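This is what each chain is made of:
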Amino acid sequence: MIRFLTIMSSRWTRLVLVMLIVLSLQTTLFAELRPFGVAAQVVLLFVIVSGSINGVAIGSITGLIAGLMYDFILPTPVGLASLAMGLAGATAGLLLYFFHEPTWWMRLITVAIVSILGEIYFPLAQAIVGFDGWLQPRIFKVAIVVAACNLILAPLAIVVCRWTLAERKLSI
Amino acid sequence: MAVAQSTRRRAIILLVLTSIILITLDLQNSSATSGLRSVFGVIFRPVESTMRVVTRPISNAWFGIFNYNDVLDENERLREKVAQQEGATVAAAASVRLAQELLALNGLPTLAGINAVTAQVIGDSPTNFSQTIEINQGSESGIRVGMPVLNAAGLVGKITKVYGDRSVVMLITDPDFALSIKVVNSPRQTTTTTIAKGNAAVPSPVVPIEPDASLEGDASTTTTTTTTTTIAGFTPSVTTLPATPSGVSSITVPLASDLAIRETGVIEGRGPSRQPTVRFISNAVRFGDIQAGVPIVTAGGSRSLSPPDILVGTVSRVVERLGSAGPVLEIEPVADLTNLSFLRVLLYQPITEKATP
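Position numbers for residues start from 1 in each chain and track the written sequence from start to end. Working convention: letters from A go to chains and numbers from 1 go to ligands, in the order in which they are written. Only residues with pLDDT of 70 or above have their local features reported here, since the model is predicted, and side-chain atom pairs are shown and tallied only from 80 upward, although totals for entire chains, interfaces and linings are computed over all residues.

Further remarks concern the overall build of chain A. Assigned secondary structure in chain A consists of eight helices and zero strands. In DSSP terms, a helix is any run of H or I states spanning at least four residues, a strand is any run of E spanning at least two, and both are numbered starting from the N terminus. Ordered by position in the sequence, the α and β elements of chain A form the string α-α-α-α-α-α-α-α. Its C-alpha atoms give chain A a radius of gyration of 16 Å, near enough to 16 Å, the size a compact globule of 172 residues would have. Taking the principal axes of the C-alpha coordinates as reference, chain A spans close to 55 × 35 × 30 Å. Per-residue burial for chain A yields a buried fraction of 53% across its 172 residues. Throughout, a residue-residue contact means that the two C-beta atoms, derived from backbone geometry, are no farther apart than 7 Å. Considering only contacts within chain A whose residues lie at least 6 apart along the sequence, 69% involve residues at least 24 apart. In this treatment the radius of gyration is a C-alpha quantity, and the globule benchmark scales as 2.2 Å times the residue count to the 0.38 power. Here the C-beta atoms are placed from the backbone, and a residue counts as buried if at least 20 other C-beta atoms lie within 10 Å of its own, exposed if 12 or fewer do, and partly exposed otherwise.

As a further point, take the overall build of chain B. Summing up its helical and strand segments, chain B has three helices and 15 strands in all. The 357 residues of chain B split such that 24% are buried. A sequence separation of at least 24 residues applies to 59% of the contacts in chain B between residues at least 6 apart.

Moving on, we come to the pairing of strand S14 (residues 328–333) of chain B. Residue and element names in this part refer to chain B. Covered by surrounding structure in S14 are Leu329, Ile331 and Pro333 only, the residues Val328, Glu330 and Glu332 on the alternate face being uncovered. Any two strands are treated as partners once DSSP identifies two or more bridges connecting them. Examined bridge by bridge, strand S11 (residues 277–279) and S14 share two bridges and lie antiparallel to one another. Its bridge partner being in S14, Thr277 is matched across the sheet by Glu330.

All names here are of chain B. In spatial order, the strands read S1-S2-S5-S4-S3-S15; together these six strands close into a barrel with antiparallel pairing. For this sheet the average axis-to-axis angle between neighbouring strands, irrespective of direction, equals 45 degrees. Two strands pair when backbone bridges link them, and strand S3 (residues 148–150) and strand S4 (residues 155–162) are joined in this way by three bridges, in the antiparallel orientation. When the sheet's bridge partners are listed, Leu150 is paired in S4 with Leu155. Between the N-to-C directions of two axes lies an angle of 0 to 180 degrees, each axis being a line fitted to C-alpha atoms and, for a helix, fitted only over the stretch in contact.

A common measure of how large an interface is: the accessible area buried when the components associate. Each partner contributes residues to the interface: chain A has 41 residues there, and chain B has 43 residues. Within the residue set of the side of chain A that touches chain B, elements represented by two or more residues are helix H2 (11–27), helix H3 (29–32), helix H5 (56–71), helix H6 (80–98), helix H7 (104–128) and helix H8 (138–165) of chain A. Of the residues forming the side of chain A that touches chain B, the biggest block, seven residues, is contributed by H2 of chain A. Ten residue types, Ala, Val, Leu, Ile, Met, Phe, Trp, Tyr, Cys and Pro, are classed as nonpolar, four, Asp, Glu, Lys and Arg, as charged, and the remainder, Gly among them, as polar. Looking at side-chain class alone, the side of chain A that touches chain B contains 27 nonpolar, twelve polar and two charged residues.

Residues and elements named next belong to chain B. Considering every residue of chain B, the mean pLDDT works out to 76; 72% of them sit at 70 or more. Confidence per residue, as judged by the predictor, is encoded in pLDDT with a range of 0 to 100. Low confidence marks residues 190–248, where pLDDT is under 50. Its contacts with residues over four positions away, or in another chain, come to 61 contacts. Two summary scores accompany this predicted model of the complex, namely pTM at 0.70 and ipTM at 0.85.

Before going further, it helps to examine H5 of chain A. Each helix should span, by expectation, one fewer than its residue count multiplied by 1.5 Å. Between the first and last C-alpha of H5 of chain A there are 22 Å, a value that for 16 residues agrees with the 22 Å anticipated at 1.5 Å per step. Within H5 of chain A, 14 of the 16 residues are buried, which leaves the element mostly enclosed by the surrounding structure.

With phi around 55 degrees, Asn29 of chain B is a residue other than glycine that occupies positive phi space. Structurally, Asn29 of chain B is set in the loop between helix H1 (2–27) and helix H2 (31–105).

With that settled, the discussion passes to H7 of chain A. Residue and element names in this part refer to chain A. If you check H7, its first and last C-alpha atoms are 35 Å apart, about what 25 residues at 1.5 Å a residue would give, namely 36 Å. Among the residues of H7, those classed as buried are Arg107, Thr110, Val111, Val114, Ser115, Gly118, Glu119, Tyr121, Phe122, Pro123, Ala125 and Gln126. Looking at the packing, one finds that the buried side of H7 touches helix H4 (42–54), H6 and H8. Following H7 by one or two positions, Gly130 has its phi on the positive side, about 100 degrees.

Take the nonpolar core next. Connectivity within a nonpolar core runs through C-beta atoms within 7 Å, and the core itself is a set of buried Ala, Val, Leu, Ile, Met, Phe, Trp, Tyr and Cys residues. Counting residues in hydrophobic clusters, the biggest one holds 65 residues, and the most contacted among them are Phe46, Val49, Ala84 and Ala88 of chain A. When contributions to this core are tallied by element, the ones reaching two or more residues are H2, H3, H4, H5, H6, H7 and H8 of chain A together with H1 of chain B. It is H8 of chain A that contributes the most residues to this core, twelve residues altogether. When residues no more than four places from it in sequence are discounted, the contact partners of Phe46 of chain A are Val22, Ala66, Ala157 and Cys161 of chain A. The next biggest cluster of nonpolar side chains, apart from the first, holds 35 residues, and it includes Ile181, Val315, Leu343 and Val345 of chain B.

We now examine the environment of Ile296 of chain B. All names here are of chain B. Summarising the element assignment, Ile296 is placed in strand S12 (residues 295–298). Separated by 32 residues in the primary sequence, Ile296 and Thr264 have C-alpha atoms spaced 9.5 Å apart. Excluding anything up to four places from it in sequence, Ile296 contacts Ile181, Val183, Ile267, Val278, Val312, Gly313, Thr314, Val315 and Ile331.

The axes of two packed helices give the description: the angle between them and the distance between them. All names here are of chain A. Taken N-terminus to C-terminus, the directions of H4 and H8 make an angle of 60 degrees; their axes are 8 Å apart at the nearest point. Overall, the two elements H4 and H8 adopt an arrangement that is oblique. Relative to H8, H4 is oriented so that their crossing is right-handed. For the pair formed by H4 and H8, the contact residues are Val42, Leu45, Phe46, Val49, Ser50, Ile53 and Asn54 on the first element and Asn150, Leu153, Ala154, Ala157, Ile158, Cys161, Arg162 and Leu165 on the second. When its residues are assigned to classes, the contact of H4 with H8 shows eleven nonpolar, three polar and one charged. Throughout, the term roughly parallel applies to angles under 35 degrees, roughly antiparallel to angles over 145, roughly perpendicular to angles from 65 to 115, and oblique to all others. Throughout, a crossing is termed right-handed when the near helix is turned clockwise from the far one, and left-handed when it is turned anticlockwise from it by less than a right angle.

Let us now look at the packing of H7 of chain A against H8 of chain A. Residues and elements named next belong to chain A. The contact between H7 and H8 brings their axes to 8 Å, and the two run at 140 degrees. One way to sum up the angle between H7 and H8 is to call them oblique. Viewed along their axes, H7 and H8 form a crossing whose handedness is right-handed. Of the residues in H8, those touching H7 at Leu108, Val111, Ala112, Ser115, Ile116, Glu119, Ile120 and Pro123 are Ile139, Val142, Ala143, Ile144, Val146, Ala147, Asn150, Leu151 and Ala154. Partitioned by chemical class, the residues of the contact of H7 with H8 number 14 nonpolar, two polar and one charged.

In structure tokens, the structure reads:
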């Protein structure tokens, strides 16, 4: 029983539950509101923020889990978004590798840069497995719009991500 | 600390390997990955439906702020268009009915004989790298993977994933979309000549000739009578009646050069910002030059996922290639893929796809 409660209260269980809500926001609200014809990527934002707060290891695990959940609703092969998001989380985690105590603006710059990279990773991964056709000049427009949207939503995502991935001891 | 780092490293390796294995399985069309998708769908759909209800006011407010003027302009433009097309619709409907009757009389397949399911679009693709939409009808309505999806204008895409009560439609602009099509080229301008044995080299314009006229001259002279029927919106067909003595039944032979010439190719999507292209068009002289505006329809056939003669689009640009390679055609789809609401799924499966009992 205690083991079950420990698992249920772990940050990874919380991550899966929060990701269900983030994913549902992605498939409903953010799939409809398309500034300049581009869908904002809140799942990617969440992964990048988790990497920039918790480092490479947590960022990549968050990316792999969130990406795997995203994969189950995308028509692309399962596992592709997982790898792309895992890489994006790890890239964002490099911020802590170079700066142990990054300031808020460093974090925002990281969100913007890794959003651009993360949005390019996915069509690259698609091309590697043979789904080419998405590596077009359009991806730069997509990446820039996604980065801008992520910058606007980053403060909220940081709060949610901190709460989700905080380590708490179970007290019974 | 070191233990935690080692555990995380192992978790990363495990997740990466899992992803690679899943990609491999999914590319092999494994039932395990589709089973996982279905299980996740069962958990995720209620959360998504709740979120859709919660976020509806936000998206409505967004569209109200940013799209209001566009909708007003579009409304005005559409009213004008409807007024223009009201008259043409009646004539077109009569012509379509006539064509279907003729096809049915000759035992040829028509779209009227295929059952369809009407569906509503309930979601767009959440990612920027797939051109798909979700509709509110699934396997419970008889929908299967590969079935063609249309709107009132023409072909929109094909079904790529089917769940119990919903399906995913891949649009014709998706780079993974491919379908065999026919290019219906206009007949070339030809002149029918009346050739007499004694003066074969001199061409003359087409003149309807009295039945008795041919009999008055030299007995070996060959003459033709040409009747051209013109119906708005249709390619005129030509019926040539060989002059025959009265009492002998004549044979109707259409002039091959004056019929609409069809050539098959494959349409492929190229993403939302670029028009789909048609490749593998033969460079035959007989087919002639393809002009912009030529219609593109589905080819049909025993292996095609779509029945024949569904309108796909019109040629917007012809890119000539060197050598014997045929031209590449850029296609303007007739359906407005950015603004889809109600669609029709044709419950059509080619013979090769049907399960044998």
